[in-house]
4 protein chains.
Amino acid sequence: MPSHNPQAPDPLAHPDTPRIETREEVMFFDTDIGGVVHNIAYLRMIETARTRLATHMGMQLRDMANTQIYPVVVRTEIDYRKPATLGDHLIIQGHLESLERVRFWVNFRIHRQSDPATCLITCRQSLALVQMPQGKPLRLPEDWNQRYAHLRA
Amino acid sequence: MPSHNPQAPDPLAHPDTPRIETREEVMFFDTDIGGVVHNIAYLRMIETARTRLATHMGMQLRDMANTQIYPVVVRTEIDYRKPATLGDHLIIQGHLESLERVRFWVNFRIHRQSDPATCLITCRQSLALVQMPQGKPLRLPEDWNQRYAHLRA
Amino acid sequence: MPSHNPQAPDPLAHPDTPRIETREEVMFFDTDIGGVVHNIAYLRMIETARTRLATHMGMQLRDMANTQIYPVVVRTEIDYRKPATLGDHLIIQGHLESLERVRFWVNFRIHRQSDPATCLITCRQSLALVQMPQGKPLRLPEDWNQRYAHLRA
Amino acid sequence: MPSHNPQAPDPLAHPDTPRIETREEVMFFDTDIGGVVHNIAYLRMIETARTRLATHMGMQLRDMANTQIYPVVVRTEIDYRKPATLGDHLIIQGHLESLERVRFWVNFRIHRQSDPATCLITCRQSLALVQMPQGKPLRLPEDWNQRYAHLRA
């Protein structure tokens, strides 16, 4: 179980916190018969944002196939607050939240471009860097501990 | 944030708790370049199990398109403990965990058919019954409060 | 069965032919254990390009939910020529190919941004405009017959 | 372009033609806002049927991860004849259609369990066996040429 301390300082208040913003337009394949975006589709949008955040932190997709070191999702917590629907222009904002010894937490928020005040989705994920095919979790890179010292748990 | 009381009695100990078991064989479309099942694919397997659990509790898929009352996922918490891979035969076990006024919680566990003791995935989801297209959450059915009184929060 | 006349004039040679270009970076969820992009993932990329082409031709996603007139895929033909892999930057090019009375054909080609000469994927799809929920196919809009007269079959 | 000879004898008339039948219940994640099954979802159902057909022909999913020889889709042709919707019980029937030197063709048909006479989907796919990660296509197994001699092109 993750410890989530609401008294912790806001990571976004610190200029060195890596952050990202991506955009998606809701397609048919994102929706279901209920008339709104299917719950699983948001996780694909979040994966795209997370991958760009990882690039920003020094992990390139093209390198991963060579090194076989992959960031692996260990836990996802996602809250569905308001629905999005077909044709909505969504903004996914993500940032690094905290670092542990072998895991790190990332945080996402989705809103409509036309209505930034209304939060549709919030999501936290913890990840580990894993050496495949053995599946061995690695310590987080030493330079992360220095660059993101303010986020160490 | 959900309250999850570890001292609560085990819902599976009570014979009236609705429960379900489904099976999946891991297909190519479930895997990714890391060589194991992609994190999003498990949520599709869990949706299939959840839908059968809902049928068991009296919600038929065929009715939903008519009544436009849909069970909507409000929150997902999923922990990825061990990876599954191509061709694995997986068992998804699910049960109703608790009832609130407008939300209910369901709980899932995934293991390999060949190794029931090793848990790969645990997942909790809360859902609400929502009248579409207005998106209005409804009170849970009165008969649930009676049939599943032992699960009332 | 579609008639595909290789002697037909190239639709791209005519300036009034609607055309589109979209970009995708290959994500983990696009790949499978074979180490390359899964065959179904390209169809999601093509749907995004097709939707933008439709917008260009006057069909707005936001309108569809109101009118309940949806472009429905009637047939897909897709050839997988060369594989793409994780982190590839792909360009999807699409254009209107021909108009029939109730169907129209669109055509797509995918290549890597770094290598436009190497075609990875070619795809043709025919679509109809369908009034839901009855599922009734409609005649194509009269103004298409005028604007795209050079593409009438 | 595939040659598809409508005068060819029906592969299903021969007792040695490998064939398969799988079942799917339409889930929320299979549908879209149009109220019916999304066009891409059928291809996932067909992949499951195709994988079971491959098992029947001697290709085990568990072996593929070891040998790194994968059946790769080279071409898909799919016709969407009638829509399926949420809760429908679908039957996917597939069989081997023909063998070439490095490619083979498989054929699928989807109908509702309650209405076998109404065909919803027809699909043909050609596949090659490919040695990864080089991506080298292999000749089809010699024993296929003997066991399925009646399907040689």
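As the structure is a computational prediction, the values presented were derived from the model and not from experiment.

**Let's talk about the overall build of chain A**
Move 1: Broken down by element type, chain A carries 3 helices and 6 strands.
Move 2: From first element to last, N terminus to C terminus, chain A shows the α and β order β-α-α-β-β-β-β-β-α.
Move 3: Referenced to the eigenvectors of the C-alpha coordinate spread, the extents of chain A come out at roughly 45 × 40 × 25 Å.
Move 4: Counting across all 153 residues of chain A, residues that qualify as buried make up 42%.
Move 5: Counting only contacts in chain A whose residues sit at least 6 apart along the sequence, the fraction spanning at least 24 positions is 68%.

**Let's talk about the relation of the copies chain B and chain A**
Move 1: It takes a turn of 180° to lay chain B on chain A, together with a shift of 0.0 Å along the axis; the resulting RMSD is 0.0 Å. Both copies are brought into coincidence by an operation consistent with a two-fold rotation axis. Considering only C-alpha atoms, the residue of chain B closest to the rotation axis is Glu77(B), which sits at 2.2 Å.

**Here's the deal with the interface of chain B and chain A**
Accessible area lost on assembly of the parts is the figure often given for the size of an interface.
Move 1: Each side of the interface is counted separately: chain B has 21 residues, and chain A has 21 residues.
Move 2: Of all the secondary structure elements, the ones that give two or more residues to the side of chain B that touches chain A are α1 (41-56) and β2 (69-80) of chain B.
Move 3: Across the side of chain B that touches chain A, the residue classes tally to 12 nonpolar, 5 polar and 4 charged.
Move 4: Where strand β2 (residues 69-80) of chain A meets β2(B), 5 bridges bridge the pair, whose relative direction is antiparallel. Within β2(B), the residue paired with Arg75(A) across the bridge is Asp79(B).

**Observations regarding the interface of chain B and chain C**
Move 1: Each partner contributes residues to the interface: chain B has 9 residues there, and chain C has 9 residues.
Move 2: The residue makeup of the side of chain B that touches chain C, split by class, is 5 nonpolar, 3 polar and 1 charged.

**Comments concerning the confidence of the model for chain A**
Move 1: In this model, chain A carries an average pLDDT of 93, and 95% of its residues clear a pLDDT of 70 or more.
Move 2: Under the prediction, the complex receives an ipTM of 0.94, its pTM being 0.95.

**Focus: the environment of Glu21(A)**
All names here are of chain A.
Move 1: Note on placement: Glu21 falls in strand β1 (residues 19-25).
Move 2: Separated by 10 residues in the primary sequence, Glu21 and Thr31 have C-alpha atoms spaced 22 Å apart.
Move 3: Beyond its immediate sequence surroundings of up to four residues, Glu21 is in contact with Ile91 and Gln93.

**Here we look at the environment of Leu12(D)**
Residues and elements named next belong to chain D.
Move 1: Tracing the backbone shows Leu12 in the segment before β1 (19-25).
Move 2: Once the C-alpha coordinates of Leu12 and Ile110 are considered, the two residues, 98 residues apart in sequence, prove to be 16 Å apart.
Move 3: Not counting chain neighbours up to four residues away, the residues in contact with Leu12 comprise Thr17, Arg19 and His95.

**As for helix α1 (residues 39-56) of chain D**
All names here are of chain D.
Move 1: Taking 1.5 Å of rise per residue, 18 residues should cover 26 Å, and α1 covers 27 Å from first to last C-alpha, within 8% of that figure.
Move 2: Most of α1 sits out of view: 14 of its 18 residues are buried.
Move 3: Gly58 sits one or two residues past α1 and shows a positive phi near 110°.

**Remarks on the packing of helix α1 (residues 39-56) of chain C against α1(D)**
Move 1: Remark: α1(C) packs on α1(D), axes separated minimally by 10 Å, with the N-to-C direction vectors making an angle of 180°. Put simply, α1(C) runs roughly antiparallel to α1(D). Between α1(C) and α1(D), the residues in contact are Ile40(C), Leu43(C) and Arg44(C) and Ile40(D), Leu43(D) and Arg44(D), respectively.
Move 2: The class makeup of the residues in the contact of α1(C) with α1(D) is 4 nonpolar, no polar and 2 charged.

**Quick word on unusual backbone geometry**
Excluding glycine, residues mostly have negative phi values, and the peptide bonds linking residues are mostly trans.
Move 1: Cis rather than trans, the peptide bond between Met132(B) and Pro133(B) has omega equal to 0°.
Move 2: Examined against the element boundaries, Pro133(B) turns out to sit in the loop between β5 (115-131) and β6 (136-138).
Move 3: At Gln68(A), a position not held by glycine, the phi torsion is positive, near 55°.

**Details of the environment of Gln131(B)**
All names here are of chain B.
Move 1: In this structure, Gln131 sits in strand β5.
Move 2: The sequence separation of Gln131 and Ile69 amounts to 62 residues, and the corresponding C-alpha distance is 4.6 Å.
Move 3: Those residues in contact with Gln131, other than ones at most four positions away along the chain, are Gln68, Ile69, Lys136 and Leu138.

Parameters at a glance
- Residues numbered from 1 in each chain as written.
- Chains lettered and ligands numbered in written order.
- Predicted model: local features only at pLDDT ≥ 70, side-chain atom pairs only at ≥ 80, totals over all residues.
- Helix = DSSP H or I, 4+ residues; strand = E, 2+ residues; numbered from the N terminus.
- Buried ≥ 20, exposed ≤ 12 C-beta atoms within 10 Å, placed from the backbone.
- Contact = placed C-beta atoms within 7 Å.
- Least-squares fit on C-alpha atoms with pLDDT ≥ 70 in both.
- Nonpolar A, V, L, I, M, F, W, Y, C, P; charged D, E, K, R; others polar.
- Pairing = 2+ DSSP bridges.
- pLDDT = per-residue confidence, 0-100.
- Expected span 1.5 Å × (residues − 1).
- Axes fitted to C-alpha atoms, helices over the stretch in contact; angles between N-to-C directions.
- Parallel < 35°, antiparallel > 145°, perpendicular 65-115°, else oblique.

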